Structures are given as structure tokens and as C-alpha cells.
Amino acid sequence: MSRWRGVLLALGALAYLLGTLSWLHGERTLVAPRLFPPGSVHNTDPRGLSLAYGYLKERAGTAGVLALAKPLEPLSVEPGAVVFRVRPDQRRARAGVRAAAALLTPGEEAFVRAGGRLVLAIDGRYGPLDVKLLRSGLTRKLFPLWSGIGSLRPEPQRVLDGPGLAEMRAVFALADDAIVSRQVLGRGDVVATSAPELFENRLLREADHLALLAALAGSARPVYFDERAHGAAEEAGLVSLLAAWGLGPTLVLAGLAAALAFWRARARVGPAEDEHRETRSEAVDLVDSLGRLYDRTLTRGEALQQHALGFERALQARAGLKGEALRARVRELLGAPPPGVRSGQRELPPLEFARRLKSINDAYRRLLDARTR
């Protein structure tokens, strides 16, 4: 039985180890804000992007739609992907930008130049770009791009501003100012708009907003929505961290050790282990050892004296008596003075010892009977 128990324990340990390593290998922890902010694909209120995210996921021809929770660079997304960054938190989205006048981080610029597209839908200052409000105006198309899209109805009406516009071409304008602009970099481009509401749940169905979303996403291109710009972050799993720290061989050795333990538990070496377990209480052994000690060190008379003194202390604690009143109560219950050893007598005869022991035990019994009444 012990052999099969060892085999089962080894199998369970090995399965647990393999399952844990497998889970940790694919682990990616998404650390997001407690409440999803405007512009997040996880936000289902009017200012969220849940409808745009769901539409692109279900649209035929899309190569895949995901939320991005790590820094944008060529190694973090596929070449030629489209990244939407809607209502970004500038402190998080622009971490790593070396100069305030730079629009992109080095990694973002490398991603765009390799053929990627970054869509910036901002509602405030973002590096060299800014926005300003207009009271009223009609949108019009200035550059023949994205055919079939001609009507945009942003609410509120904002336009792009700032020195970053000098390197961009206006595609749509509101009154005399750009509302959607584009900058070509290498094989890719950056599209900036001052109207993030165009992609949000509240206005996505209005005018040509949905068509603009589809045109920016393109066809057969991976699409990402940048959630890191809203405070989300992806942390590497434990296996990735251990590998980065050079502890990969440790994991291999742990797996080999588990396999060796399993192999070792398959066959019994030597005689079977005795499965006998001691069931006696330790209190029994303690009382027995104390009895043997008292028997070797005390005479019968001395033992009776200790027994009578124990009864006297029990009576004092029970009745609260002291002095002569206590001694009188002891004599009453014992029927005689506390037994002792007379001068010159070394040991009590067995019959005398038994009689006096019975008187003390009877007194204990009367004391316990009085306590339970």
C-alpha cells in the first residue's frame, strides 16, 4: 500500500509542477485602472470604444483586433498594424519621449516607418499638438483620401492646433482649421484628429464616422487599441522573468528532479515500512512515569500525607476556608486527622495504608458530589 501511495504522491506532484509551469508560461497579467476611462475599449458607456472594438472584431477581412497594454514598438505588434490611441493620458502615453517637441517615441517612430499606422484621437495637449474649441462650423474634405467619406459631425467641435501641424497635411477641416490631419513617415503614417468622439459609442453611428473607422483600420491589417495610454500595463509572467534573469536551467533541473522522484517512487527498495502508529495518549505515559517516580521516592505514609495535603488545598479552593475552619472541615470529611507517619515508624502496613487511602478518596468523592449539586 505504501508503494502505491508514493507513486500517487509523485504523480500528483509532477502534474502540479507541469500544470503550474504551463500556466505561468502563458501568463500575462493585465493591470488596468479600477474604472475604465473614456476612450477605452472596455468602457461601454457613451464615451467608451466598446462598439468600435466589437465592430472591427466582427468585420470581415480584419486580420485581428486586440487591446495593447505594452509600449508601442516594432517588436510588440505585427508589421503594418494599425494602432488606435483615443483620448490618451499624456503622462502615460508619452513616457519615453525625449523632447517635448517630439510627437513619437523612438519605438513608435520605428513602428510607423516600418509600415505601421498610428491614429491619435486627442482632446487636449499631446506633445507638439493641441486642440481648440470652435463655436460652430461645417466639416469639409480637403484631401482626396479614404473615398466615400465626406461628412463628419463632431460634438463638441474642436480643431487641431500647435506646431506639430506644420509637418502634417489636413484631410478634413472644420471651418478653416484641420480636424483630421495625416503625416507620412517612411512606409507608414500618423493620423491625428481633434475629435475622439467620432469613434466613441455615442457618435459612431452618425454621419460617416463608422466608415472612417473602417478606412483607418484598413483591410487585412492587424488592429490594436492602445489601453496602455489609459493606465493599463501588461506584466510578464513568472517564467519569462526567470528566463530573463538567467534561471532557465533551474526550471529544467526542477523538472528533472520531479521526474527522478517519480521514477524513484515506482519500486520499493528494501522491506516495507511498518505502518504501525502509536495511538496512546501521552498523558497516560506521563501519569505512569510519575507514579513510578513517587513509588521509588516516597514511603506509604509520605504518599498519604501528600494525598491528604492535595485534598486540603482542593477543599480550600472549593469552599474558600482558612485556618481552623479549614482544618475542622478536613477532619469532618476525612473522619480522622490527616494521616502521617508516627515517630519511629518507617512504613505503614498495607492494610492500614489501604484504609487511610480509602478515607481520603471517599472525602474527594464527597467533595466532587457537593460541587455537582
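Residues numbered from 1 in each chain as written. Predicted model: local features only at pLDDT ≥ 70, side-chain atom pairs only at ≥ 80, totals over all residues. Heavy atoms only, no water.

### Re the overall build of the protein
- Along the protein, the regular secondary structure elements total eleven helices and twelve strands.
- Buried residues in the protein amount to 35% of all 373 residues.
- Surface accessibility of the protein: about 22,300 Å² in total, with carbon and sulfur atoms responsible for 57%. (Helix = DSSP H or I, 4+ residues; strand = E, 2+ residues; numbered from the N terminus. Buried < 20%, exposed > 50% of the residue type's maximum accessible area, 1.4 Å probe, protein only. Areas by Shrake-Rupley, 256 points an atom, 1.4 Å probe, with all protein chains shown as cover.)

### Details of the pattern of salt bridges
- All chains considered together, the criterion is met by 19 salt bridges.
- Glu352 is paired through a salt bridge with Arg356; the nearest N and O atoms lie 2.6 Å apart. With Glu352 and Arg356 both in helix α11 (residues 350–372), this residue pair falls four residues apart, about one helical turn.
- Residue classification places Glu352 among the partly exposed positions, given a relative accessible area of 21%.
- In this structure, a network of salt bridges that share partners links the residues Arg87, Asp123, Arg158, Glu197 and Glu200. (Salt bridge = Lys/Arg side-chain N within 4 Å of Asp/Glu carboxyl O.)

### Considering the sheet that holds strand β6 (residues 139–141)
- The eight strands are arranged β2-β11-β3-β4-β10-β9-β8-β6 in an open sheet whose pairing can be described as mixed. Whereas interior strands pair on both sides, the edge strands pair on one side only; in this sheet they are β2 (65–68) and β6. Within the sheet, the average angular offset between the axes of one strand and its neighbour, ignoring direction, is 20°.
- With five bridges joining them, strand β4 (residues 117–121) and strand β10 (residues 188–193) adopt parallel strand pairing. Bridge assignment links Arg117 to a residue of β10, and that residue is Asp189.
- Against the sheet, helix α4 (residues 106–113) engages β3 (82–86), β4, β9 (177–185) and β10, with an angle of about 115° to β10. (Pairing = 2+ DSSP bridges. Axes fitted to C-alpha atoms, helices over the stretch in contact; angles between N-to-C directions. Contact = heavy atoms within 4.5 Å.)

### Focus: the packing of aromatic side chains
- All chains considered together, the criterion is met by four aromatic pairs.
- The interplanar angle of 75° and the centroid separation of 5.2 Å between the aromatic rings of Phe311 and Tyr364 together place this pair among those described as edge-to-face. Of this pair, Phe311 sits in helix α9 (residues 300–319) while Tyr364 is found in helix α11, placing the two residues 53 residues apart along the sequence.
- On the basis of relative accessible area, Tyr364 is assigned to the partly exposed category, the value being 23%.
- Through a chain of ring-to-ring contacts, three or more aromatic side chains come together here, namely Tyr53, Phe84, Phe199 and Phe225. (Phe/Tyr/Trp six-rings, centres within 6.5 Å; stacked < 30°, edge-to-face > 60°.)

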